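Residues per chain are reported as follows:
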Amino acid sequence: MIKKVHILFIFVATIFVSCSSSTSEEEEEIVVDNFDRGAMLTNIADNIIIPAYTDFSTKMTALKSAGETFTETPNQTNLENLRSSWLVAYKTWQYLEVFNFGKAEEIQYSFYMNVYPLTVLDVETNISNGSYDLTSVNNQDAQGFPAIDYLLYGVADSDVTIIEKYTTDENSEGYKNYLTDVLNQMTTLTEQVFIDWSSYRNEFVSSTSNTATSAVNILVNDYVYYYEKGLRANKFGIPAGVFSSTALPEKVEAYYSRIYSKELALEALVAVEALFKGNHYNSSTAGVGFDDYLIDIEREDISTSIINQIEVARTQINTLNSDFYEQINTNDIAILKAYDELQKVVVLLKVDMLQAFNISVDYVDADGD
Amino acid sequence: MKFLKYNFKEQTNAAPLAVFRLFFGLMMFASIVRFWANGWIEKLYLEPKMFFSYYGFSWIKPIGNYTYLLFVICGLSALFIAVGYKYRLAIITFFLSFTYIELMDKTTYLNHYYFITIISFVLIFLPANATFSIDNLFKKKKYINIPKWTIDIIKILLGIVYFYAGLAKLNSDWLFRAMPLKIWLPSKYDLPLIGNNFMQQEWFHFAMSWSGMLYDLSIPFLLLYKRTRIFAFVLVVIFHVFTRVLFPIGMFPFIMIVSTLIFFDAKFHQKIIDFIKNFLSKLSFRAQSRNLKLINNYNFSTNKRKLFIPFLSLFLIIQLVLPFRYLLYPGELFWTEEGYRFSWRVMLMEKAGMTNFKVVDTKTGRFFMVDNKDFLTTFQEKQMSFQPDFILEYAHFLGDHFKSQGHKNIAIFAESYVALNGRLSTRYIDSKVDLYQQKESFKHKDWIIPFSSNIKITGL
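Computed from a prediction, not measured in an experiment: that's the story for all the values here.

Conventions used here
- Residues numbered from 1 in each chain as written.
- Chains lettered and ligands numbered in written order.
- Predicted model: local features only at pLDDT ≥ 70, side-chain atom pairs only at ≥ 80, totals over all residues.
- Heavy atoms only, no water.
- Helix = DSSP H or I, 4+ residues; strand = E, 2+ residues; numbered from the N terminus.
- Buried < 20%, exposed > 50% of the residue type's maximum accessible area, 1.4 Å probe, protein only.
- Pairing = 2+ DSSP bridges.
- Contact = heavy atoms within 4.5 Å.
- Axes fitted to C-alpha atoms, helices over the stretch in contact; angles between N-to-C directions.
- Domains from an automatic or database assignment.
- Buried area = accessible area lost by both parts, 1.4 Å probe.
- Salt bridge = Lys/Arg side-chain N within 4 Å of Asp/Glu carboxyl O.
- pLDDT = per-residue confidence, 0-100.

Caption draft 1: Representation of the side chain of Gln387 of chain B within the structure. By the element assignment, Gln387 of chain B lies in the loop between helix H16 (378-384) and helix H17 (388-404). Overall, the relative accessible area of 6% leaves Gln387 of chain B in the buried class.

Caption draft 2: Representation of the environment of Ile230 of chain B in the model. All names here are of chain B. Relative to the helices and strands, Ile230 resides in helix H11 (residues 229-246). Taking relative accessible area as the criterion, Ile230 reaches 26% and is therefore assigned partly exposed. Linking Ile230 and Phe264, residues 34 residues apart in sequence, is a C-alpha distance of 8.6 Å.

Caption draft 3: Quick look at the sheet that holds strand S5 (residues 367-369) of chain B. Spatially, S5-S4-S6-S7 (chain B) is the arrangement adopted by the four strands of the open sheet, whose pairing is antiparallel. What marks the edges here is a single partner per strand, and that holds for S5 and strand S7 (426-427) of chain B. In terms of strand pairing, strand S4 (residues 351-361) of chain B meets strand S6 (residues 410-420) of chain B through 11 bridges, oriented antiparallel. Within S6 of chain B, the position partnered with Asp361 of chain B by the bridge is Ile410 of chain B. Set on the sheet, helix H15 (residues 332-357) of chain A makes contact with S4, S5 and S6 of chain B; between it and S4 of chain B the angle comes to about 155°.

Caption draft 4: The domain arrangement of chain A, seen in detail. All names here are of chain A. Here chain A is described as being made up of domain 1 (33-205) and domain 2 (209-360). With both sides pooled, the region where domain 1 packs onto domain 2 buries about 3,400 Å², and carbon together with sulfur makes up 68% of that total. Considering only the surface of domain 1 that becomes buried against domain 2, Gln94, Tyr95 and Tyr116 emerge as the three largest contributors, covering 21% of it. The interface formed by domain 1 and domain 2 holds one salt bridge in total. Its salt-bridge partner being Glu263, residue Lys91 comes within 2.8 Å of it at the nearest N-O pair.

Caption draft 5: Structural view of the domain arrangement of chain B. Residue and element names in this part refer to chain B. Taken domain by domain, chain B holds domain 1 (10-325) and domain 2 (350-460). If you average the C-alpha positions of domain 1 and of domain 2, the two centres end up 35 Å apart. Contact with domain 1, which involves 22 residues of that partner, is made by 26 residues of domain 2. Summed over both sides, the interface of domain 1 with domain 2 buries roughly 2,100 Å², with 63% coming from carbon and sulfur.

Caption draft 6: Looking closely at the confidence of the model for chain B. For chain B, the average pLDDT comes to 94, and 97% of its residues sit at 70 or higher. Confidence estimates for the predicted assembly give a pTM of 0.90 and an ipTM of 0.87.

Caption draft 7: Structural detail: the pattern of salt bridges. Residues and elements named next belong to chain A. Applying the stated criterion across every chain, the model contains 29 salt bridges over all chains. Between Glu228 and Arg232 there is a salt bridge, with its nearest N and O atoms 3.9 Å apart. In this pair, Glu228 and Arg232 both sit in helix H10 (residues 215-240), four residues apart, roughly one turn of the helix. Residue classification places Arg232 among the buried positions, given a relative accessible area of 7%. Glu253 is paired through a salt bridge with Lys235; the nearest N and O atoms lie 2.9 Å apart. Of the two residues, Glu253 is situated in the loop between H10 and helix H11 (261-277) and Lys235 in helix H10; the sequence distance between them amounts to 18 residues. Taken as a pair, Glu253 and Lys235 share a single burial class, namely buried. Several salt bridges converge on common partners, so that one network encompasses Glu273, Lys277, Glu311 and Arg314.

Caption draft 8: Region of the structure containing the pairing of strand S2 (residues 141-147) of chain B. Residues and elements named next belong to chain B. Within S2, five of the seven residues are buried, which leaves it mostly tucked inside the rest of the structure. Here S2 runs beside strand S3 (residues 293-297); their pairing, made up of four bridges, is parallel. Its bridge partner being in S3, Lys142 is matched across the sheet by Leu294.

Caption draft 9: Broad picture of the environment of Tyr90 of chain A. Residues and elements named next belong to chain A. With respect to the helices, strands and loops of the structure, Tyr90 is situated in helix H3 (residues 76-93). Look at Tyr90 and you get buried, because its relative accessible area is 0%. Along the primary structure Tyr90 and Met113 are separated by 23 residues, whereas in three dimensions their C-alpha atoms are 9.6 Å apart. Residues contacting Tyr90, with those up to four places away along its chain left out, are Asn114, Tyr116, Phe145, Pro146, Glu253, Ala254 and Leu264.

Structure representation (structure tokens):
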């Protein structure tokens, strides 16, 4: 009996020690099981994220040089060229906003690129003061694509008077400088994130464990968050008045140009769906994505439901006016309906998909039982 | 019939209960320290803007920065319990402060916290300081024996936890779909050694489900029976360590492992006491045990006996019956959760939901959706989203809040979707019912949309 007691003691003690230390291990190994998460991350990095950044970086350079041409010679042709470069870049941006991790998260990239509604007062104050710090958090709502939108479409009523802001206006230098500075800031930040991906890529594709900080979990969490906030709420819900007592149509994306809100929203939906399917950037070639992950864990039903529901939402969005501002003012029921269809995808992503992946979430760290 | 004749006067060695007291106190102290060190006091009890109350206990709320004091009191009383100093006062203080903490917000409800509340309540009535306590030194006497029922009642409570956890596993999802282990285990693919192989195998999920069920149902009996006791204890350790590695369950495995030691006989516990005494005397803590008057039997006064024994018997009966209260409700228990808590349904289902609220002005028809993040922490939002009593309480909170902001003719509707054990999510709450007009009660909530999945759960 005494011997047994001693053995028991040692046994328990060992267990306690090994048990308490097992939780503090933080080494990350490359993990391969039935489903190859590394392959999914590799596909998403090499065939989606990096090509999208490459493309975006080129388009930003083009946008910047179109900006230089315009500020050197502000005329109708150069204004139109700049506007179309802006739209092309803005549409490509819809593929990148979701990737808010790594360098992008560190420098709050998307907050300097696409915070809307724009605070016009801040923009005008900055321009008339002539001194401003675009790296300041306070100026996040006074730059990026929404600021360009304002500078190219919103500073005056007609193209003629807009061009006058850059030519005969008493502070035309101020407007030109601000346009240049905003474009420079966007290009600089984009280069930072883009260049960082060449070194971050390997870290990203090998971070496959199920911890709150692993790439798989961050990617999935960011994806769901972007869909819910960046796409559903910002582009539809908030302007349509879902979260307020009255509709707030002036909060649509690309408010000053008016006619692009739908085009940008549809582009974002294409991006979201392509990422879900693992489709290569700007191509219909399918790679390993979230859908394959779901199929692998025998939840094809979720994958099918998501893809079908995205299609239902798209059909509803297609019925809308290309100008959401106009749509909300004339018939907000139609855009609320589009919101409802988009919302059903949130349920599938957030409840069903996250549950199936059983992702370790970063926010709840209390005990379970 | 002999089985039913229980001798309440039978005496047994006091050591097992004393050791139980010591370990229980130490474990509780460690739990409180850990809770504090993790920053959970602030995160769970100071940061939230609202707290979810148990029905009838809405008057119990965190008390601002004094909440820290509450934890200090709770932690200190746990230490006093461990050393057996002013034992009765310490255990009453512990029970009250711990229970108060648990009642502050039901978001943090855990079966093992409930277990601690119950054990500490029963310990109030037991002579756990009869031996090996500082109280002995002050009262200059110690007891060799105590009534056997005072140890048996702890064994029964432990047995209930396991056995009822086992009963709860007798349902079709657990046994025939290996749910929720089939969801949980594969996600542990990053565990060393077993992550990539066993955890991914379906047969392994079934093996774990069935062995977990058999373990829970049989372990109380294996622990009771002397010849299987050591084997049973080894099982207890393996089982709890395994769950500790797999799931974030904090101190619970350790508490259960230590608690089950009470099934061992007095000799074993005397060894532990001797070992600790030896250790203390080496540190030149020389207890004045020579001056202690040794008393053979600890006896409750007749009045106490007449009061305690029927009272605790009634308490035990309630413990046995309470988990079956779900039978009084219609519908699927896992779905409605009416009668789910306080019943040892531990790690039994994977349930997640998403619930958003629509605030409507009934006169104008205008409405807006609430951003839950404005009022709830992510943890609270997660818990609220799939539990009807949370949903109702939050709906009332929102109604009152917007009323105080000047909104009129308020009606609150829920857009709620829940997924359970690997089924597709479905609508959970009737979106046409104004929750602001619904009252909380023990009655069935008929605004929960009945469980509509084509894969039904059947169980005991």
